Amino acid sequence: LSVLLMTAIVLCLGPFICIPRTAATTFELSVVPLLPTFNAPLFYVLFFALVMILCLNQSAVVDIVGKILTPVLFLGLLLLIIMGLVHPLGPTDVPPMIDGVFSAGIQSGYQTMDVLVSLAVTLMLVGNAARKGYTSDKERMSIISKSSAVALLGLGLVYGGLTYLGLT
């Protein structure tokens, strides 16, 4: 049963949901505003070719994402959040438009598949920690615990800030 669940998670993370959604979002938000007549099928071929090249060396992807893309994204989001704190877009005392805002938000959050992704990412973390030279269980547990604490703090700041921006 666990093999079936992990297979379903990986298929959803990859070819069924996340990669096509990422490609479509990247095209619509990045390419269309700058190059409205750009050929969408050509973009998708180029996008998926790049994804394949990056996936061929998983350890290098983790390094690139961890050392370059994540800090850039994190700083960009923090800047956006700070600007929203300094210059709020609207009042915060407006009543909610739906009942049960918190439970609706939690249920909608599951559509991002964060909970399911955590299972697959955990397996990647353990495997990559071993490949990076953390050979004993104690070393792997230490580095994964430290990185998890940093991730918890960062995600807490980002999601808390984005929640506030949504409120305003």
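Because the structure is a prediction, the values reported are computed rather than measured.

Student: Is there a simple way to explain the nonpolar core in this structure?
Tutor: As a rule of thumb, nonpolar side chains are buried together in soluble globular proteins. The biggest cluster of nonpolar side chains holds five residues, and these are Ala23, Phe27, Val31, Phe43 and Phe47. Mapped by element, the contributors of at least two residues to this core are helix H2 (18–34) and helix H3 (40–55). Per element, the largest residue contribution to this core is three residues, and it comes from H2. Residues within four places of Phe43 in sequence aside, it is in contact with Ala23, Thr26, Phe27, Val31 and Phe38.

Student: How should I be thinking about the packing of helix H1 (residues 2–16) against H2 in this particular structure?
Tutor: The relative placement of two packed helices comes down to the angle between their axes together with the axis-to-axis distance. Interaxial distance between H1 and H2 falls to 4 Å at its minimum, and their mutual angle equals 30°. It follows from the interaxial angle that H1 and H2 lie roughly parallel. Residues Cys12, Leu13, Gly14, Pro15 and Phe16 of H1 lie in contact with H2, whose contacting residues are Cys18, Ile19 and Pro20. Classifying every residue of the contact of H1 with H2 by side-chain character gives seven nonpolar, one polar and no charged.

Student: What is the right way to read the packing of aromatic side chains from this model?
Tutor: The relation between two aromatic rings is expressed through the spacing of the ring centres and the mutual angle of the planes. A full pass over the atoms with the stated rule returns five aromatic pairs. Note on Phe43 and Tyr44: the rings are 5.7 Å apart at their centroids and 70° apart in plane angle, and the pair reads as edge-to-face. Of the residues examined, Phe43 reaches a relative accessible area of 11% and is grouped as buried. Since its relative accessible area comes to 25%, Tyr44 is described here as partly exposed. Ring plane angle 85° and centroid distance 5.4 Å describe the contact between Phe47 and Phe48, whose orientation is recorded as edge-to-face. Accessibility expressed as a relative area gives 16% for Phe47, which makes it buried. Residue class for Phe48 comes out partly exposed when judged on its relative accessible area of 35%. An aromatic cluster is defined as three or more aromatic residues linked by ring pairs; in this entry it consists of Phe27, Phe43, Tyr44, Phe47 and Phe48.

The rules behind each value
Residues numbered from 1 in each chain as written. Predicted model: local features only at pLDDT ≥ 70, side-chain atom pairs only at ≥ 80, totals over all residues. Heavy atoms only, no water. Core = buried A, V, L, I, M, F, W, Y, C linked by side-chain atoms within 4.5 Å. Buried < 20%, exposed > 50% of the residue type's maximum accessible area, 1.4 Å probe, protein only. Helix = DSSP H or I, 4+ residues; strand = E, 2+ residues; numbered from the N terminus. Contact = heavy atoms within 4.5 Å. Axes fitted to C-alpha atoms, helices over the stretch in contact; angles between N-to-C directions. Parallel < 35°, antiparallel > 145°, perpendicular 65-115°, else oblique. Nonpolar A, V, L, I, M, F, W, Y, C, P; charged D, E, K, R; others polar. Phe/Tyr/Trp six-rings, centres within 6.5 Å; stacked < 30°, edge-to-face > 60°.

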